There are 2 protein chains.
Amino acid sequence: MNQHMRHNTACKTCSLSPLCLPVSLSFSEMDRLDDIIERGRPIEKGQYLFRQGDPMESVFAIRTGTIKSFALTRAGEEQITGFHLPSEILGLSSFGTQHHQVSARALETTNVCEIPLEHLERLSSQLPELGRQVMRVMGREIREDQQMMLLLSKKSAEERLASFLLSLAQRFKRRGYSEHNFRLTMSRSDMANYLGLAVETVSRVFTRLQKSGIIADTGSAREVHIADQKRLCDMASLSEGERVELGLIETTTTH
Amino acid sequence: MNQHMRHNTACKTCSLSPLCLPVSLSFSEMDRLDDIIERGRPIEKGQYLFRQGDPMESVFAIRTGTIKSFALTRAGEEQITGFHLPSEILGLSSFGTQHHQVSARALETTNVCEIPLEHLERLSSQLPELGRQVMRVMGREIREDQQMMLLLSKKSAEERLASFLLSLAQRFKRRGYSEHNFRLTMSRSDMANYLGLAVETVSRVFTRLQKSGIIADTGSAREVHIADQKRLCDMASLSEGERVELGLIETTTTH
DNA sequence: CGTAGACTTGACGCCTCTCAACGTTAGTGG
DNA sequence: CCACTAACGTTGAGAGGCGTCAAGTCTACG
């Protein structure tokens, strides 16, 4: 009996597969992918999925939960490089190296699908559509990182937080959750780190967003209710590329 | 007669191939790669290789020269996402989309190898090592972009410029040029844009670097002579990941 | 119920941006 | 070959956004 049968979680029956690696695979191809996927026990909050320097043997798809990935600076502080939601793929940035270049840690109880690299490479050469999907996912990650570079080099604190909240909202929406009400799984400090701000600045901007009625006071710092999405968009000063990712415009226009 | 024969520039005879796509291909495999590569006329300074929104049909390897790639913000200003030197691959960030997500423009007369996507995908499934190399290149790009995120969110103006100069020095060295003397092909304004600084700040830091004797005054703003590499390294506050890329340490250690 | 960590708020200072003026270089056409 | 000009680069003064420090409040969990 396959491991994934034990957990009753095959790609074929997973609601996330249209967002994940199996997209555009046939049922029989999905079966072959399922055969190489390992689904272990849940990762508890605070546990590491892998650490910077660990031998790189697998990539991971998130099934439920949230993971943050981060690199260490020389001073030993962390630089968060991303928050990962269900269906997103983790570990691609270490492709071509023997060791993981970042650490990955659970922000809440998280279930992942582990995909051993060795098997993935073999299967990719047999299923061209799978290899293509891996490249598409990597391409998207590059674009997102470059959006992030834009955010960090050109945007004010308000614009950064607004962009971040809209990005989260859109990602929740695509996964079938509310785009207006959601729970932040990361701390203010994690957000600040990711957005290149001080914790205090993040806190102040949240307060300002509430006072201006753009987000509602839910009583809890981690609960977000977006009350005025349009004004939040205005505040974010979204770039062309961000608007594409958020589905606000169809395709990039020529300039 | 093949086009690449006309220009006497086959992968097999190209000094850059160990840094480029053909790495670890056999001679006969390189021939097959050569067959799908198109090598057109040089791109003059200021000309576009492609523009944001153009249909994406190829990726490009740089043979000689420098290309900057950049995205457009809503206000119409550009955000430079990278400077590309010989052997580097351009266009990967648009993988999985129909259109280029960035524009690419020559900073000096530049020769490129054009690799049509359609052929590359077909050949990749026949030569697994080629597909793996494409993924390695994409992995490296993700890591570099994440280094850049760290630079933009945590480093001071001095640290940014020092890191940038060291990165260029290392890349020139790997291509067989001096790592201590080189010519900047980009303007102060391009550097400032890329590093998330104002032009004036870049200029001031250059002046400071000269006054402290870390770089020598060459008489020209575009000519750089690194006089004290060690102090430049100290000034850059390099992260673990940067030190790996610069070859200062062998492998990432476990933490 | 107590404590540690997370979050908020205020005061203050500094790094870098902006604005402005000026010097320098490179490209153009007479 | 030189004059002209636009782009590029440098330098200074002033201002503001955000980081830092400090204190206090809130929340989660043992």
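Note that the structure is predicted; figures quoted are calculated from it, not measured.

So, how was this worked out
Along each chain, residues carry numbers from 1 onward, in the same order as the chain's sequence is written. Written order decides the labels, with chains lettered from A and ligands numbered from 1. The model is predicted, so local features are restricted to residues of pLDDT at least 70 and side-chain atom pairs to those at 80 or more, both for listing and for counting; the totals for chains, interfaces and linings are taken over all residues. To get the side-chain values, take all heavy atoms of the structure and skip hydrogens and water. Secondary structure is summarised from DSSP: a helix means a run of H or I of at least four residues, a strand means a run of E of at least two, and numbering begins at the N terminus for each. Put simply, the radius of gyration uses C-alpha atoms, and a globule should come to 2.2 Å times the residue count raised to 0.38. Only protein chains enter the calculation, and the probe is 1.4 Å; a residue is then buried if its accessible area is under 20% of its type maximum, exposed if over 50%, and partly exposed in between. The Shrake-Rupley method, run with a 1.4 Å probe sphere, supplies the accessible areas, and residue values consider only the shown protein chains as cover. A residue counts as positive if it is Lys or Arg and as negative if it is Asp or Glu; His and the chain ends are not included. A single reference atom marks each charge: NZ on Lys, CZ on Arg, CG on Asp, CD on Glu. Throughout, a disulfide means two cysteine sulfur atoms within 2.5 Å of one another. Being near a molecule or strand, for a residue, comes down to having at least one heavy atom within 4 Å of it. Polar contact is the term for a pair of N or O atoms within 3.5 Å; when the atoms are in protein, one must be able to donate a hydrogen and the other to accept it, and sequence-neighboring residues count only if both atoms are side-chain atoms. Whether two residues are in contact is decided by their heavy atoms: any pair within 4.5 Å suffices. Accessible area that two parts lose when put together, evaluated with a 1.4 Å probe and summed over both, is termed the buried area. By definition, a salt bridge exists where a carboxyl oxygen of Asp or Glu is found within 4 Å of a side-chain nitrogen of Lys or Arg. pLDDT is defined as a per-residue confidence score from the predictor, taking values between 0 and 100. Pairing of aromatic rings covers Phe, Tyr and Trp, the last counted by its six-membered ring, and requires centre-to-centre distances within 6.5 Å; plane angles under 30 degrees mean stacked, over 60 mean edge-to-face, and any other angle means tilted. Here the axes come from fitting lines to C-alpha atoms, over the contacting stretch only for helices, and the angles between their N-to-C directions go from 0 to 180 degrees. Roughly parallel refers to an angle under 35 degrees, roughly antiparallel to one over 145, roughly perpendicular to one between 65 and 115, and oblique to any angle outside these ranges. The hand of a helix crossing depends on one turn: near helix anticlockwise from the far one by less than a right angle means left-handed, and clockwise means right-handed. All amino acids are sorted into three groups, where Ala, Val, Leu, Ile, Met, Phe, Trp, Tyr, Cys and Pro are nonpolar, Asp, Glu, Lys and Arg are charged, and the leftover types, Gly among them, are polar.

## A short note on the overall build of chain A
Helix and strand counts for chain A come out as nine helices and 10 strands. Taking 2.2 N^0.38 as the reference for a compact globule, 255 residues should give roughly 18 Å; the C-alpha atoms of chain A span a radius of gyration of 19 Å, in line with that estimate. Each principal axis of the C-alpha atoms in chain A carries an extent, and together these give about 55 × 45 × 35 Å. For chain A, buried positions account for 54% of its 255 residues. Accessible surface for chain A amounts to roughly 11,100 Å². Of this, 47% is attributable to carbon and sulfur atoms. For chain A, the separation between the mean place of its 32 positive charges and that of its 32 negative charges on side chains is 3 Å.

## What about the state of the cysteines?
All names here are of chain A. This structure, assessed with the given rule, holds zero disulfides over all chains. Distance from the sulfur of Cys-20, which forms no disulfide, to the nearest cysteine sulfur (Cys-11) is 6.6 Å. Residue classification places Cys-20 among the buried positions, given a relative accessible area of 12%.

## Some thoughts on the protein's contact with DNA strand C
For DNA strand C, the set of nearby residues contains 16 residues, the closest of which are Ser203(A), Arg204(A), Thr207(A), Arg222(A) and Thr201(B). Of what DNA strand C places within 4 Å of the protein, 59% of the atoms are sugar or phosphate. A distance of 3.4 Å separates a phosphate oxygen of DNA strand C from a polar backbone atom of Gly196(B). Between DNA strand C and the protein, one listed contact pairs a phosphate oxygen with a side-chain N or O atom of Thr201(B) at 2.4 Å. If you list the elements that add at least two residues to the surface near DNA strand C, you get helix H7 (199-211) of chain A together with helix H7 (199-211) of chain B. It is H7(A) that contributes the most residues to the surface near DNA strand C, four residues altogether.

## A few points about the interface of chain B and chain A
Taken together, the contact between chain B and chain A spans 51 residues of the former and 51 residues of the latter. Overall, the association of chain B and chain A removes approximately 4,800 Å² of surface from exposure, summing both partners, and the carbon and sulfur fraction of that is 63%. The tally of links between chain B and chain A comes to two salt bridges. Where Arg132(B) meets Glu121(A), a salt bridge forms, and the shortest distance between an N and an O atom there is 3.2 Å. At the boundary of chain B with chain A, the tally comes to 14 residue pairs in polar contact (both at pLDDT 80 or more).

## A short note on the confidence of the model for chain A
Regions with low pLDDT should not have their predicted coordinates read in detail. When pLDDT is averaged across chain A, the result is 93; 95% of the residues are at 70 or more. Counting contacts from residues 1-5 of chain A, a segment whose pLDDT is below 50, to residues more than four positions away or on other chains yields nine contacts.

## Brief notes about the environment of Lys173(B)
All names here are of chain B. Note on placement: Lys-173 falls in helix H5 (residues 157-174). Looking at Lys-173, the relative accessible area reads 44%, which means it is partly exposed. Considering only alpha carbons, one finds Lys-173 and Arg-32, 141 residues apart in sequence, at a separation of 30 Å.

## Side note on the packing of aromatic side chains
All names here are of chain A. The full count for this structure, using the stated rule, is 13 aromatic pairs over all chains. Arranged with centres 4.9 Å apart and planes meeting at 40°, the rings of Phe-172 and Phe-182 form a pair that is tilted. Of this pair, Phe-172 sits in helix H5 (residues 157-174) while Phe-182 sits in strand E8 (residues 181-183); the two residues are 10 residues apart in sequence, bridging distant segments of the chain. Classification of Phe-172 by relative accessible area gives buried; the value is 15%. One aromatic cluster is present, formed by Phe-83, Phe-164 and Tyr-194 through successive ring pairs.

## Observations regarding the packing of helix H2 (residues 27-36) of chain A against helix H3 (residues 117-126) of chain A
Residue and element names in this part refer to chain A. Across the interface, H2 lies against H3 with an axial gap of 10 Å and an inter-helix angle of 165°. As far as their axial angle goes, H3 and H2 are roughly antiparallel. At the point where H2 passes H3, the crossing takes the right-handed sense. When H2 is examined against H3, the residues Arg-32, Leu-33 and Ile-36 are found in contact with a partner set consisting of His-119, Leu-120, Leu-123 and Gln-126. Taken together, the residues that form the contact of H2 with H3 break down as four nonpolar, two polar and one charged.

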